[in-house]
Amino acid sequence: MKFKLALIAAVLSVGTAAFAQTKWDLPAAYPATNFHSENLVQFANDVDKATAGKLKITVHANASLFKAPEIKRAVQGGQAQAGEILLVNFQNEAQLFGADGLPFLADSYDAAMKLYKAQKPALDKKLAEQGMFVLYSVAWPPQGIYSKKPVNSAADLKGIKWRAYSPATARIAELVGAQPVTVQAAEFSQALATGVVESTMTSGATGVDSKLYEHLKYYYDTQAWLPKNAVIVNKQAFDALDKATQAAVLKAGAAAETRGWAASQGVNTKTLETLKANGMQVLPPSAQLKADMKKVGDTMLQEWLAKAGPEGQSVVDAYRK
């Protein structure tokens, strides 16, 4: 009898090992309907399918698990196995993270991809030191200026309450004489409704997500830069997976990157149409506004290079080749 029980226990043990399931949490800062979040869910589904359910990744959208500034630390500390971050949010930690937030350095999808390739080796090195790596990265649509009132030059932004979401957007506010107010995406609508902010620089996608047309009247399509979201992974959690599961994660990540960049371009066109349909004036920047903002970009690039040192210079040099 004891032998039979031992045999049953052994069989059950083997069965459990064969069907052992690993669960990952993947926090993200944007609404479930945002194209980045939808891409994350597709990525998680692809991993689930490729591993026959062996690795289950739960996406926690809209800062429901960790707030945007907390996600990187959560992944680094193993509280979450993976997470999606906006790279420019972490420029104060390392200037390298802010390269794609420099106005008018890379102002198209092709240029943004070229900058990503130039930036990637340094990003990989920095994150490896912290026990993480970039699985994939996807650019946001180009950034423009939203405002309650017409903006024909940088002088029209003086004194305006400007929503900043990164060190770079806060510095833009300072250079044009606006008042920077730090507000994350999840609190943006409320900040507008209560008058905490009245202008910002962000994408058409965020404009639709946050229904900026309910509070702001103008969008100037400056196409200033294309910041990137990066999906980062805890290296220890990744190394704990078997080789086949690791391969499935890498393959699904590569597919998500390709899909995400294509989706971003489609979203850019669609969201600008949505802003117009909801009564917002979508306009090209005046020659004066464009010239003023280009000066801001030149100043910020020089400041960034001074802080980033040889590493930053090598990224810019590689990008400009």
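Up top you'll find the structure we're talking about.
Attention in this report is confined to the structure presented alongside it. (Residues numbered from 1 in each chain as written. Predicted model: local features only at pLDDT ≥ 70, side-chain atom pairs only at ≥ 80, totals over all residues. Heavy atoms only, no water.)

Here we take up the overall build of the protein chain. In terms of helices and strands, the protein chain carries 10 helices and 11 strands. Relative to the compact-globule value of 20 Å for 321 residues, the protein chain shows a C-alpha radius of gyration of 22 Å, a close match. Across its three principal directions, the C-alpha atoms of the protein chain cover 90 × 45 × 30 Å. Looking at the protein chain as a whole, 52% of its 321 residues qualify as buried. Across the protein chain, the fraction of contacts at a sequence separation of at least 24, relative to all contacts at a separation of at least 6, is 76%. (Helix = DSSP H or I, 4+ residues; strand = E, 2+ residues; numbered from the N terminus. Rg over C-alpha atoms; globule rule 2.2 N^0.38 Å. Buried < 20%, exposed > 50% of the residue type's maximum accessible area, 1.4 Å probe, protein only. Contact = heavy atoms within 4.5 Å.)

Before going further, it helps to spend a moment on the side chain of Ser 147. Its location among the elements puts Ser 147 in strand β5 (residues 143-147). On the basis of relative accessibility, which here comes to 0%, the residue Ser 147 falls in the buried class. Filtering out sequence-adjacent residues up to four positions away, Ser 147 remains in contact with Ile 160, Glu 198, Ser 199, Leu 216, Lys 217 and Tyr 218.

By the definition in use, this model includes two cavities of 30 Å³ or more. Space inside the largest cavity adds up to approximately 40 Å³. Looking at the largest cavity, the residues that line it are Ala 99, Asp 100, Gly 101, Leu 102, Leu 105, Ala 106, Ala 112, Leu 115, Trp 225 and Leu 226. Taken together, the residues of the lining of the largest cavity sort by class into eight nonpolar, one polar and one charged. The computed volume of the second largest cavity comes to approximately 40 Å³. Looking at the lining of the second largest cavity element by element, the count peaks at three residues for strand β3 (residues 82-86). Here the lining of the second largest cavity is built from residues that sort into seven nonpolar, one polar and one charged. (1 Å grid on protein atoms, 1.4 Å probe; cavity = no way out; pocket = protein on both sides within 12 Å on 5 of 7 lines; lining within 4 Å. Points joined across faces, edges and corners; volume = space filled by probe spheres on them. Nonpolar A, V, L, I, M, F, W, Y, C, P; charged D, E, K, R; others polar.)

Turning to the sheet that holds strand β9 (residues 218-220), a few remarks are in order. To summarise the sheet geometry, strands pair through backbone hydrogen bonds and adopt either a parallel or an antiparallel arrangement. Here six strands make up an open sheet; going across it, the order is β7-β6-β8-β5-β9-β11 and the pairing mixed. The open sheet terminates on both sides in strands that have one partner only, identified here as β7 (179-182) and β11 (281-283). Within the sheet, the average angular offset between the axes of one strand and its neighbour, ignoring direction, is 30°. Relative to strand β6 (residues 161-164), helix α5 (residues 167-176) is tilted by about 160°, and along the sheet it contacts β6, β7 and β8 (199-203). (Pairing = 2+ DSSP bridges. Axes fitted to C-alpha atoms, helices over the stretch in contact; angles between N-to-C directions.)

The subject of this paragraph is the nonpolar core. A general tendency of soluble globular proteins is for nonpolar side chains to be buried together. Core analysis: the biggest nonpolar cluster contains 94 residues, and Trp 24, Phe 43 and Trp 162 have the highest contact counts within it. Of all the elements, helix α10 (residues 287-320) adds the most residues to this core, at 11 residues. Apart from residues no more than four positions distant in its own chain, Trp 24 is found in contact with Leu 55, Lys 56, Ile 57, Thr 58, Gln 81, Ala 82, Val 233, Ala 237, Phe 238 and Leu 241. If you look at the next biggest cluster of nonpolar residues, it comprises 14 residues, including Ala 191, Tyr 219, Leu 272 and Val 282. (Core = buried A, V, L, I, M, F, W, Y, C linked by side-chain atoms within 4.5 Å.)

Here we take up the sheet that holds strand β4 (residues 132-139). The strand order β3-β10-β4 describes an open sheet built from three strands, whose pairing is antiparallel. Whereas interior strands pair on both sides, the edge strands pair on one side only; in this sheet they are β3 and β4. The mean angle between the axes of side-by-side strands here comes to 25°, regardless of whether they run parallel or antiparallel. Packed onto the sheet, helix α2 (residues 35-50) meets β3, β4 and β10 (228-234) and runs at close to 130° relative to β4.

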